[in-house]
Amino acid sequence: MAIERVGIVGAGQMGNGIAHVFALAGYEVLMTDVSTDALDAAIALIDRNLTRQVSRDLITADTKADSMARIGTTVKLTDLGPTDLIIEAATERETIKTAIFEDLVPHLKPDTILTSNTSSISITRLASRTDRPEKFMGFHFMNPVPIMQLVELIRGIATDEPTFKTCQDVVEKLGKTSTASEDFPGFIVNRILMPMINEAIYTLYEGVGSVQSIDTSLKLGANHPMGPLELADFIGLDTCLAIMNVLHDGLADTKYRPCPLLTKYVEAGWLGRKTKRGFYDYRGETPIPTR
Ligand code: NAD
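Not measured: the values here are computed from a predicted model.

Participant: Describe the nonpolar core, listing the residues and the values that go with them.
Facilitator: Side chains that are nonpolar tend, in soluble globular proteins, to be buried together. Counting residues in each nonpolar core, the largest one holds 35 residues, and the members touching the most others are I18, F22, M31, L85, F139 and F141. Mapped by element, the contributors of at least two residues to this core are strand 1 (5–9), helix 1 (13–24), strand 2 (28–32), helix 2 (36–55), strand 4 (85–88), strand 6 (136–141), strand 7 (150–155) and helix 6 (161–173). In terms of residue count, helix 1 provides more of this core than any other element does, six residues in total. Leaving out residues up to four positions away in the same chain, I18 has contacts with I8, I87, A89, N117, F141 and V145.

Below, the structure is given as structure tokens:
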């Protein structure tokens, strides 16, 4: 199926990046949010990010102007009815997402593909609340969207092959790389990455190494571009804890038990870079380990 018009629900951190990459790849984009402020902020941010790409000679000024012209916004969800592909990137709460799909469905064309960018909610369960579980799947971008190369494509139990293939082709047209994942908690990236980060926090908790030793060990000993604790601060410790809880609850295995020290940092409001303190203190010139 040919995809030309793309609807994006949610203009937050992920939604604006998704609109950016689709418009740049030549798709007509219509983005919606319940908040006009969020829509205005998203447009301003996309403009700034495209300008940065122009100044680095990655794209031309004309390409930027054409991309911006391809992005429309609306606060009316049902305006997305005539689009060919919808990517839902609203707040990570199941009641919000199911309400969005239920409101959208009566206005959609019969062949519109519905997808969600959710990091943790079951694709199969979301699909079951729509009229088209076979045309529903997970379209999981990484943050920051314009920079990260990967998109995880997640099949729900009912997703049909043409839907999967269409989404695979779309990812290719975006200039990104897709991997296929079945619909289990954490999909692939978070299923592997988060337990590693959690284990790094246990290593700190048990006194095996300091923040500095742990990060240096993984950078120089395993060739990771960032240490696991540095990466945890970048992702946000609240997000790390939420994902560990999803793995722990969804897979019911004690090996996914969130480290008590991670919980302690979140309780303290030390959430990483966004609050200027986590495993490192970012309030000065250079980050200083907090343990
Ligand atoms: P965010 O809080 O930055 O943005 C969510 C946006 O959704 C907000 O602007 C909010 O106003 C809007 N919204 C809420 N209810 C809505 C509704 N009914 N209709 C339309 N818009 C609505 O969140 P985010 O970080 O962009 O996350 C969005 C989705 O992407 C979540 O499902 C999350 O799990 C997923 N995700 C996030 C990351 C990440 O690193 N932040 C990475 C991959 C996937």
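Participant: Go over the packing of helix 7 (residues 189–205) against helix 10 (residues 237–251) with me, naming the residues and quoting the values.
Facilitator: Where helix 7 contacts helix 10, the axes come no closer than 10 Å and their chain directions differ by 115 degrees. On the basis of their axis angle, the class for helix 7 and helix 10 is roughly perpendicular. When the axes of helix 7 and helix 10 are compared, the crossing they make is left-handed. Residues N190, R191, M194, P195 and N198 of helix 7 form the contact with helix 10, whose own contacting residues are C240, I243, M244, L247 and L251. Along the lines of polarity and charge, the residues of the contact of helix 7 with helix 10 split into seven nonpolar, two polar and one charged.

Participant: Give me the lowdown on the packing of helix 2 against helix 3 (residues 61–69), citing residues and values where you can.
Facilitator: Closest axis-to-axis distance for the helix 2/helix 3 pair is 9 Å, and the angle between their directions is 160 degrees. The pairing of helix 2 with helix 3 is recorded here as roughly antiparallel in orientation. Classified by chirality, the crossing of helix 3 by helix 2 is right-handed. For the pair formed by helix 2 and helix 3, the contact residues are I43, I46, D47, L50, T51 and V54 on the first element and A61, K64, S67 and M68 on the second. Each residue belonging to the contact of helix 2 with helix 3 can be placed in one class, and the counts come to six nonpolar, two polar and two charged.

Participant: Describe the side chain of T115, naming the residues involved and giving the relevant values.
Facilitator: Mapped onto the fold, T115 is located in strand 5 (residues 113–116). Engagement of the side chain of T115 in a polar contact is seen with the backbone oxygen of I86, the distance being 2.8 Å. Once you skip the residues sitting within four places of it in the chain, T115 turns out to touch L85, I86, I87, E88, F101, M137, F139 and C167.

Participant: How would you sum up the side chain of S116? Please name residues and give values.
Facilitator: Along the chain, S116 turns up in strand 5. Not counting the four nearest positions on each side in its chain, S116 is found in contact with E88, K97, F101, I123, L126, F136, M137, G138 and F139.

Participant: Hey, could you go over the site of the ligand for me, with residue numbers and the actual values?
Facilitator: Inspection of the region around the ligand gives 21 residues, with M14, D33, E92, K97 and N117 positioned closest. In the environment of the ligand, an oxygen atom lies 3.4 Å from a nitrogen or oxygen atom belonging to the backbone of A90. If the ligand stood free it would expose 840 Å²; the protein chains cover 75% of that surface. Among the elements of the structure, helix 1, helix 4 (94–104) and strand 6 are those that each provide at least two residues to the shell around the ligand. Taken together, the residues of the shell around the ligand break down into nine nonpolar, nine polar and three charged.

Cut-offs and rules
Residues numbered from 1 in each chain as written. Predicted model: local features only at pLDDT ≥ 70, side-chain atom pairs only at ≥ 80, totals over all residues. Heavy atoms only, no water. Core = buried A, V, L, I, M, F, W, Y, C linked by side-chain atoms within 4.5 Å. Buried < 20%, exposed > 50% of the residue type's maximum accessible area, 1.4 Å probe, protein only. Helix = DSSP H or I, 4+ residues; strand = E, 2+ residues; numbered from the N terminus. Contact = heavy atoms within 4.5 Å. Axes fitted to C-alpha atoms, helices over the stretch in contact; angles between N-to-C directions. Parallel < 35°, antiparallel > 145°, perpendicular 65-115°, else oblique. Left-handed = near helix turned anticlockwise from the far one by under 90°. Nonpolar A, V, L, I, M, F, W, Y, C, P; charged D, E, K, R; others polar. Polar contact = N/O pair within 3.5 Å; in protein donor to acceptor, adjacent residues only side chain to side chain. Near = heavy atom within 4 Å. Areas by Shrake-Rupley, 256 points an atom, 1.4 Å probe, with all protein chains shown as cover.

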